[in-house]
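Close look at the chain arrangement
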Amino acid sequence: GAVVSQHPSRVICKSGTSVKIECRSLDFQATTMFWYRQFPKQSLMLMATSNEGSKATYEQGVEKDKFLINHASLTLSTLTVTSAHPEDSSFYICSAATGAKLFFGSGTQLSVL
Amino acid sequence: QQQVKQSPQSLIVQKGGISIINCAYENTAFDYFPWYQQFPGKGPALLIAIRPDVSEKKEGRFTISFNKSAKQFSLHIMDSQPGDSATYFCAVTSSGSARQLTFGSGTQLTVLP
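A few points on the structure. Just so you know, these numbers come straight off a predicted model, no measurement behind them.

**Considering the interface of chain A and chain B**
- Chain A puts 21 residues into the contact, and the matching count from chain B is 18 residues.
- Summed over both sides, the interface of chain A with chain B buries roughly 1,400 Å², with 59% coming from carbon and sulfur.
- Counting across the chain A and chain B interface gives 0 salt bridges.
- Here chain A and chain B share 5 residue pairs in polar contact (both at pLDDT 80 or more) between them.
- Elements supplying a minimum of two residues to the side of chain A that touches chain B: strand 4 (32-38), strand 5 (44-51), strand 9 (90-98) and strand 10 (101-104) of chain A.
- In terms of residue count, strand 4 of chain A provides more of the side of chain A that touches chain B than any other element does, 4 residues in total.
- Of the residues belonging to the side of chain A that touches chain B, the class tally is 10 nonpolar, 9 polar and 2 charged.

Shown next as structure tokens:
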């Protein structure tokens, strides 16, 4: 099946620093990718829809200046958490669609100290 | 407003038993109903999906039952195994949304050996 690669799998950073998470579709092109956030024992919450070559569409309540999304190519989308704070600690997951199916990356556990 | 309601929140089944997880939705525009399996620290993996033009779909030990009039769909895991222990999420989307999924709240399944 299609593979979505997400990197890094785990990152620990100090408060105030920025963290970049990469999401790549390895064997297909994705004009649209999605970024989700998941807290422990909770469901996935859509943060934003990343569109290749255009601005991302953010869900209500998600700060676009804090969570910067860049979809520079058909196989790569990045999420940058700027000036991270402890409350940003969470599991971030990307996904990409090919045909009728949506495939997910393996997730990034962000811990902000 | 919760677009998809999932139950139960947790489920414990003996090995060899049948696990049943239910979801209900409101919006009749939804036309794709996938189920995802998620292990701790990993991204969700597509398990099985159904479209509203069929009432049942079976893949190995996994079956989706779909009731369009009741706006409900369920996942049945036959001959449940300890390796099936994971969190299961139902999801809904419409073809016009570029596969932007809305997830249920999740069911923590534990299969006892």
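**With respect to the layout of surface pockets**
- As a volume, the largest pocket reaches approximately 720 Å³.
- Lining the largest pocket we find 32 residues, and of these Leu44(A), Met45(A), Leu46(A), Glu59(A) and Thr102(B) sit closest to its centre.
- Looking at the lining of the largest pocket, the elements that each hand over two or more residues are strand 4 and strand 5 of chain A together with strand 10 (102-103) of chain B.
- Ranked by residues supplied to the lining of the largest pocket, first place goes to strand 5 of chain A with 4 residues.
- A breakdown of the residues in the lining of the largest pocket according to their chemical character gives 13 nonpolar, 14 polar and 5 charged.
- Of the pockets and cavities examined, the second largest pocket occupies roughly 490 Å³.
- Taken together, 20 residues line the second largest pocket, and the ones lying closest to its centre are Gln38(A), Pro40(A), Lys41(A), Gln42(A) and Thr87(B).
- Across the lining of the second largest pocket, the residue classes tally to 6 nonpolar, 13 polar and 1 charged.

Each value, and the rule that gives it
Residues numbered from 1 in each chain as written. Chains lettered and ligands numbered in written order. Predicted model: local features only at pLDDT ≥ 70, side-chain atom pairs only at ≥ 80, totals over all residues. Heavy atoms only, no water. Contact = heavy atoms within 4.5 Å. Buried area = accessible area lost by both parts, 1.4 Å probe. Salt bridge = Lys/Arg side-chain N within 4 Å of Asp/Glu carboxyl O. Polar contact = N/O pair within 3.5 Å; in protein donor to acceptor, adjacent residues only side chain to side chain. Helix = DSSP H or I, 4+ residues; strand = E, 2+ residues; numbered from the N terminus. Nonpolar A, V, L, I, M, F, W, Y, C, P; charged D, E, K, R; others polar. 1 Å grid on protein atoms, 1.4 Å probe; cavity = no way out; pocket = protein on both sides within 12 Å on 5 of 7 lines; lining within 4 Å. Points joined across faces, edges and corners; volume = space filled by probe spheres on them.

Don't take any of this as a statement about function, it's just geometry.
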